[in-house]
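Descriptive analysis of the structure
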Amino acid sequence: MPHGVYVDHHGNVFVTDVARHQVLKYEEGKWEEPALVLGEKFVPGTDDAHFCKPTSVVVNADDFIFVGDGYCNARVVKFNKHGKFIAEYGSLAEEGGKLGGMYVVHDLTINHGDRVVYVADRENGQIHTMSYKSEFTAIASVPGKAYAIDFIAETRSIAAVNISDHGSPSKVMMIDVDSNNITAVFPHNDSSFVMPHAITRLKNIGIYLGENQIPVYNLEVIRGTARTGNQRKEKRF
């Protein structure tokens, strides 16, 4: 059951599989068999050779692999390009506010320039900033639960999507990574998002939002103007 997909700077495709408790790496053009497998198939665990429903993965410019682990564990696990375990970061915290304390590591995104990984702590509604050397340095908060994030280098911001605890509509928020403040929210009116589960930004094209419970629903941000479907919104960022 694939949950997260990441394409690194070599064109390799990484997939996290929450049912298999594994991370699979496929080299570009070689899709028949994975070039690297992390974790043991169908065997959950908490040690350096196992995951428990890993959710997301990113790779830095030095080819170190960071895995968000995940639904059962509250950690980010680091490996070298050969799959050798390097370290794990984070701890379980059912209440927010503690640096590195997380409860469901649901998504990762990477800022290559600042050499940091951003971690979406879903249940606590937080986004942690973590250096490549494991130091947690900041926390940004969103209303409700933080489901998905993507870093936008040009604006030094994170696009994040939430699901509210109080039944209010889900929103996409832009978070400034220097101040950790929310600088923009859209759409302004009630959205029709059911369970937004993934977000990604394509340069010069827009932000795309993946829904979990309906076939296709994309939120686009075209040339800085947010729109859903055929309705354009005035918010610019």
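Residues numbered from 1 in each chain as written. Predicted model: local features only at pLDDT ≥ 70, side-chain atom pairs only at ≥ 80, totals over all residues. Heavy atoms only, no water.

Turning our attention to the sheet that holds strand β17 (residues 172–176). Taking strand neighbours across the sheet as the criterion, the 4 strands line up as β15-β16-β17-β18 in an open arrangement whose pairing is antiparallel. For this open sheet the edge positions go to β15 (145–152) and β18 (182–186), each flanked by a neighbour on one side alone. Ignoring strand direction, the axes of neighbouring strands in this sheet form an average angle of 25°. (Pairing = 2+ DSSP bridges. Helix = DSSP H or I, 4+ residues; strand = E, 2+ residues; numbered from the N terminus. Axes fitted to C-alpha atoms, helices over the stretch in contact; angles between N-to-C directions.)

Time to look at the pattern of salt bridges. A full pass over the atoms with the stated rule returns 9 salt bridges. The closest approach of N and O atoms between Arg75 and Asp69, which form a salt bridge, is 2.8 Å. Residue Arg75 shares its accessibility class with Asp69, and that shared class is buried. Between Arg75 and Glu88 there is a salt bridge, and its shortest N-O distance comes to 2.8 Å. Linking Arg75 in strand β7 (residues 75–79) with Glu88 in strand β8 (residues 85–89), this pair joins segments that are 13 residues apart in sequence. One continuous salt-bridge network, built from bridges that share partners, spans Asp69, Arg75 and Glu88. (Salt bridge = Lys/Arg side-chain N within 4 Å of Asp/Glu carboxyl O. Buried < 20%, exposed > 50% of the residue type's maximum accessible area, 1.4 Å probe, protein only.)

Covalently bonding the sulfur atom of one cysteine to the sulfur atom of another cysteine gives a disulfide. In this structure the tally under the stated criterion is 1 disulfide. At a sulfur-sulfur separation of 2.3 Å, the disulfide partner of Cys52 is Cys72. Because the sign of the S-S torsion sets the handedness, a value of about -55° for the bond joining Cys52 and Cys72 places this disulfide among the left-handed ones. Here Cys72 lies in the loop between β6 (65–69) and β7 and Cys52 lies in the loop between β4 (36–38) and β5 (54–59), a separation of 20 residues in the sequence. Overall, Cys72 belongs to the partly exposed group, its relative accessible area being 42%. (Disulfide = S-S within 2.5 Å.)

In spatial order, the strands read β1-β2-β3-β4; together these 4 strands make up an open sheet with antiparallel pairing. In the strand order of this sheet, the two ends are held by β1 (2–7) and β4, each with one partner. For this sheet, the mean inter-axis angle between neighbouring strands, taken without regard to orientation, is 15°. Taken together, the 5 bridges between β1 and strand β2 (residues 13–17) define a ladder with antiparallel strand orientation.

Within the secondary structure, Ser170 sits in the loop between β16 (157–163) and β17. In this structure the side chain of Ser170 is engaged in a polar contact, spanning 2.9 Å, whose partner is the backbone oxygen of Asn162. (Polar contact = N/O pair within 3.5 Å; in protein donor to acceptor, adjacent residues only side chain to side chain.)

This brings us to the layout of surface pockets. The computed volume of the largest pocket comes to approximately 980 Å³. Contributing to the lining of the largest pocket are 37 residues, with Val5, Tyr6, Asp150, Ile199 and Thr200 lying nearest its centre. Partitioned by chemical class, the residues of the lining of the largest pocket number 20 nonpolar, 11 polar and 6 charged. (1 Å grid on protein atoms, 1.4 Å probe; cavity = no way out; pocket = protein on both sides within 12 Å on 5 of 7 lines; lining within 4 Å. Points joined across faces, edges and corners; volume = space filled by probe spheres on them. Nonpolar A, V, L, I, M, F, W, Y, C, P; charged D, E, K, R; others polar.)

With that settled, consider the confidence of the model for the protein. Per-residue confidence for the protein gives a mean pLDDT of 87; residues scoring 70 or more make up 87%. Note on residues 215–237: pLDDT is under 50 here. Beyond four places in sequence and across chains, it has 59 contacts. (pLDDT = per-residue confidence, 0-100. Contact = heavy atoms within 4.5 Å.)

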